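Given next are the chains, with one letter for each unit.
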Number of protein chains: 2
Amino acid sequence: MKTDLTPSHLAFVPFVSVHNMMRLVNTMGAEGFITELAAYIEEDFKRWPEFDKTPRVASHSHEGVIELMPTADAELYGFKYVNGHPKNMKEGFQTVTAFGVLSSVSNGYPVLLTEMTILTALRTAATSALVGRYLAPEGSKVMAMIGNGAQCEFQALAFRALCGINTLRLYDIDPAATAKAKRNLEGQGFDITTCTSGQEAVEGAQIVTTCTADKQYATILSDNMIGRGQHINAIGGDCPGKTELHKDILLRSDIFVEYPEQTRIEGEIQQLADDHPVTELWKVMRGEAQGRRDAAQITLFDSVGFAIEDFSALRFVRDKVDGTDFAEPLDMLADPDDPRDLFGMVQRAKG
Amino acid sequence: MKTDLTPSHLAFVPFVSVHNMMRLVNTMGAEGFITELAAYIEEDFKRWPEFDKTPRVASHSHEGVIELMPTADAELYGFKYVNGHPKNMKEGFQTVTAFGVLSSVSNGYPVLLTEMTILTALRTAATSALVGRYLAPEGSKVMAMIGNGAQCEFQALAFRALCGINTLRLYDIDPAATAKAKRNLEGQGFDITTCTSGQEAVEGAQIVTTCTADKQYATILSDNMIGRGQHINAIGGDCPGKTELHKDILLRSDIFVEYPEQTRIEGEIQQLADDHPVTELWKVMRGEAQGRRDAAQITLFDSVGFAIEDFSALRFVRDKVDGTDFAEPLDMLADPDDPRDLFGMVQRAKG
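None of the values given here were measured: they were computed from a predicted structure.

Undergrad: Any chance you could break down the packing of helix α2 (residues 30-45) of chain A against helix α4 (residues 152-163) of chain A for me, citing the residues and the numbers?
TA: Residues and elements named next belong to chain A. Across the interface, α2 lies against α4 with an axial gap of 9 Å and an inter-helix angle of 70 degrees. Classed by the angle they form, the pair α2 and α4 counts as roughly perpendicular. With respect to the hand of their crossing, α2 and α4 are arranged in right-handed fashion. Of the residues in α4, those in contact with A30, E31, I34, T35 and A38 of α2 are F154, L157, A158, R160, A161 and L162. Looking at the contact of α2 with α4 residue by residue, the classes come out as eight nonpolar, one polar and two charged.

Undergrad: Break down the relation of the copies chain B and chain A for me, citing the residues and quoting the values.
TA: Here chain B sits on chain A after a turn of 180 degrees about the axis and a move of 0.0 Å along it, with an RMSD of 0.0 Å. Overall, the copies show the geometry of a two-fold rotation axis.

Undergrad: Can you tell me about the domain arrangement of chain A, naming the residues and giving the values?
TA: Residues and elements named next belong to chain A. Entries for chain A in the domain assignment read domain 1 (9-118 + 308-345) and domain 2 (131-306). Computed from C-alpha coordinates alone, the two centres of domain 1 and domain 2 are separated by 26 Å. Each partner contributes residues to the interface: domain 1 has 21 residues there, and domain 2 has 22 residues. Applying the counting rule to domain 1 against domain 2 returns three salt bridges. R133 is the partner of E42 in a salt bridge, and the nearest nitrogen-oxygen pair spans 3.2 Å. The tally of links between domain 1 and domain 2 comes to nine residue pairs in polar contact (both at pLDDT 80 or more). Broken down by secondary-structure element, the contributors of at least two residues to the side of domain 1 that touches domain 2 are α2 and α10 (307-321). Per-class residue counts for the side of domain 1 that touches domain 2 are nine nonpolar, four polar and eight charged.

Undergrad: Describe the side chain of E153 of chain A, listing the residues and the values that go with them.
TA: Tracing the sequence through the fold places E153 of chain A in helix α4. Those residues in contact with E153 of chain A that lie beyond four places of it in its chain are K180, A181, N184 and L185 of chain A together with D341 and F343 of chain B.

Undergrad: I'd like to hear about the interface of chain B and chain A, residue by residue, with values.
TA: With 78 residues of chain B at the interface, the matching set in chain A holds 78 residues. Across the chain B/chain A interface, buried area totals approximately 6,900 Å², and carbon plus sulfur atoms make up 67% of it. Applying the counting criterion to the chain B and chain A interface returns two salt bridges. Measuring nitrogen to oxygen at the nearest pair gives 2.7 Å for the salt bridge that ties D174 of chain A to R340 of chain B. Counting every contact that joins chain B to chain A gives 30 residue pairs in polar contact (both at pLDDT 80 or more). Partitioning the side of chain B that touches chain A into residue classes produces 41 nonpolar, 23 polar and 14 charged.

Undergrad: Run through the sheet that holds strand β8 (residues 142-146) of chain B, naming residues and quoting values.
TA: All names here are of chain B. With parallel pairing, eight strands are arranged side by side in an open sheet as β10-β9-β8-β11-β13-β17-β15-β16. Single-partner strands in this sheet number two, and they are β10 (191-194) and β16 (279-280). The strands touched by helix α4 (residues 152-163) within the sheet are β8, β9 (167-171), β11 (207-210) and β13 (231-234), with β8 carrying the most contacts at an inclination of about 165 degrees.

Undergrad: Can you tell me about the state of the cysteines, naming the residues and giving the values?
TA: Applying the stated criterion to the full structure yields zero disulfides over all chains. C163 of chain B takes part in no disulfide bond, and the closest cysteine sulfur to it belongs to C211 of chain B, at a distance of 15 Å.

Undergrad: Please provide a residue-by-residue account of the environment of Q155 of chain A, values included.
TA: All names here are of chain A. Relative to the elements of secondary structure, Q155 occurs in helix α4. Owing to a relative accessible area of 0%, Q155 belongs among the buried residues under this scheme. Expressed as a C-alpha distance, the spacing of Q155 and A125, which sit 30 residues apart in the sequence, is 4.6 Å. In contact with Q155, not counting residues within four places along its chain, are T124, A125, S128, M143, M145, T209, N233 and I235.

Undergrad: Run through the pattern of salt bridges, naming residues and quoting values.
TA: Residue and element names in this part refer to chain A. Counted under the stated rule, the structure contains 52 salt bridges over all chains. Note that R315 and D44 form a salt bridge whose closest N and O atoms lie 3.0 Å from each other. With R315 in helix α10 and D44 in helix α2, the pair connects residues that are 271 residues apart, well separated along the chain. Each member of the pair R315 and D44 is classed as buried. Connected through shared salt-bridge partners, E43, D44, R47, E50, D73 and R315 make up one network.

What counts, and where the lines are drawn
- Residue positions are given per chain, counted from 1 along the sequence in the order it is written.
- Numbering of ligands from 1 and lettering of chains from A proceed in the order in which they are written.
- Given that this is a predicted model, residues contribute local features only at a pLDDT of at least 70 and side-chain atom pairs are listed and counted only at 80 or more, while totals for whole chains, interfaces and linings are drawn from all residues.
- With hydrogens and water stripped out, all remaining heavy atoms of the structure feed into the side-chain values.
- Under this scheme, a helix contributes an axis fitted over its contacting stretch, all axes are lines through C-alpha atoms, and angles between N-to-C directions fall in the 0 to 180 degree range.
- For the purposes of this entry, the term helix denotes a DSSP run of H or I that reaches at least four residues, the term strand denotes a run of E that reaches at least two, and both are numbered from the N terminus.
- Our angle categories are set so that under 35 degrees counts as roughly parallel, over 145 as roughly antiparallel, 65 to 115 as roughly perpendicular, and the remainder as oblique.
- Put simply, a crossing is left-handed when the front helix is turned counterclockwise from the back one by less than a right angle, and right-handed when it is turned clockwise.
- Contacts are assigned to residue pairs with any non-hydrogen atoms lying within 4.5 Å of each other.
- Polarity classes work like this: nonpolar for Ala, Val, Leu, Ile, Met, Phe, Trp, Tyr, Cys and Pro, charged for Asp, Glu, Lys and Arg, and polar for all others, with Gly in that last group.
- Here the copies were fitted onto each other by least squares, based on C-alpha atoms from residues at pLDDT of at least 70 in both.
- Here the bounds of each domain stem from an automatic or database domain assignment.
- Here, a salt bridge means any side-chain nitrogen of Lys or Arg that lies within 4 Å of a carboxyl oxygen of Asp or Glu.
- Any N or O atom pair separated by 3.5 Å or less is treated as a polar contact, with the protein-specific requirement of one donor-capable and one acceptor-capable atom, and with residues adjacent in sequence counted only for side-chain atom pairs.
- Defined here as a combined quantity, buried area equals the accessible surface (1.4 Å probe) lost by two parts on assembly, summed across both.
- Paired strands are those between which DSSP finds at least two bridges.
- Any two cysteine sulfur atoms within 2.5 Å of one another count as a disulfide.
- The rule is simple: take the accessible area with a 1.4 Å probe, protein chains only, and divide by the maximum for that residue type; under 20% is buried, over 50% is exposed, in between is partly exposed.

Below is the structure:
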């Protein structure tokens, strides 16, 4: 029997820290990262029926929610842990933090553990802009951004990389948030107008992105603000009791969703009847349903974020970090020489 | 604005590696560890109604299962990731590997990430022996152990520490497993008899522990093997389609379970009618239901493992490693100085 005390390579799970995720993003460039990630997301949307889809498992408290979002295909299993605590920001914490794991379906061993706070911001932006490619008016250049928090800059870069947006109209209820976004995005070469109201922000925009963070029913967009041909990218309404759009806008829009079972509970369409028609985006990407029909149509992506997007992100990161120093080995799995001799392994560790 | 690039202490999650879990077990001694852990489990069973109880979220494949087991009280949220792949052993992998996370309910931030392969073995054993204290015949000294795999030694130590067992009668369909268990347990001072059949193993035993690993209906214990007054600690039948006991034994036993909703699907009692009477162990521990009634009664702990036991184990480990070098800080949470400036944090990391 081997009595080598060095853990086998099976004991180690590749781990991507926040530091290494930032290095990876900066090495690739945020737009390069988002563009490649969007290709993984599109690939997975196009094989949507292959996935084992489970609604997220949410644990709600007065202060927020902690969720587990699992999904799997025949080869890989992934899940994301994510919290949402709107009151965190005031206390100096992130509203949303996340990490995720990718595992082998055939033996159950994790093959990646990674930070996902930054990665979630990137995958949310990548998904929005990927959807924008199917739904935004042709030749879109101007995007209104209402809500200039943590997601704002990632959305802007994603829409430039995938849809050609170069002009931004920023508005946030807190001018400090707008100033922060302007500072960051000017450095990225965008043409930026800061606005003093949502109404002003949407003027002349082909795309309207809403990403505010209040955990309540709100009316970030009222009916009069949206005109013919606009594409609405609604990010912020993503849990029961939280919406951003006036119901009348929904009734004038063609609505596109990730996973109707989840969006009807969490998205803007929680305001509508359970059988209100929506189009599933995977069908649009497979060419089985129509995306934008004409230049006058109002399109709405009612984004809530689905586990398959996280799965794509985990798959992308694993492919990127495999065999590089962006991942460090984490001693997370007990792997005795004889699988039945877990106790002996513990005993021998006494040395 | 601070532009310090050192991550804040909020960015770090205490991580207990396999190496450090083994150090902790060896520092405390396995029996000392189990005894203290059992006290945490008992404490949590006694406040059972306070927990947010969700059935485990399982992803099944041909080769096995990957599960997430979450639970929470008002202050802490915990979940365990665990796989079960019976074919792994032949391929040199563990049948079961696990890790877990404990988080603050109030802000959603993880406060502990730990290996749980070893910890699960310890918590399963601690739970069995804790239950044994309520159900086993008084003055029990002899335990039969059918199935001498990875769980065997932990069960033996737990039953010595909590119930006074000092004599073991070992049987496994594979003599190599029995030889392994005997070798490990002789070093621990047990009086050991190796047996050539399950029938021989149960002779004279006050407690009968079954922990075999086949993912199928099996009859490890047939009706004639169990006599008056014995306590059966049935560990192995823990998923749909997997049982160890002949149905006739169940019909002669008083059956005790962790969480009926889960045990009726996963435990031995999946062989019985949905309304077959069972007693919940938390009620026994609170004195609201009777444990062992008399010396002639056959008692059965139909163990499947419930999320609250993992929660207790996570809580125990956190208390033990807090402020020690058994935990190492893991850079897992993005924590920008300005929570809304996630993008700026990534940008500044370019250095």
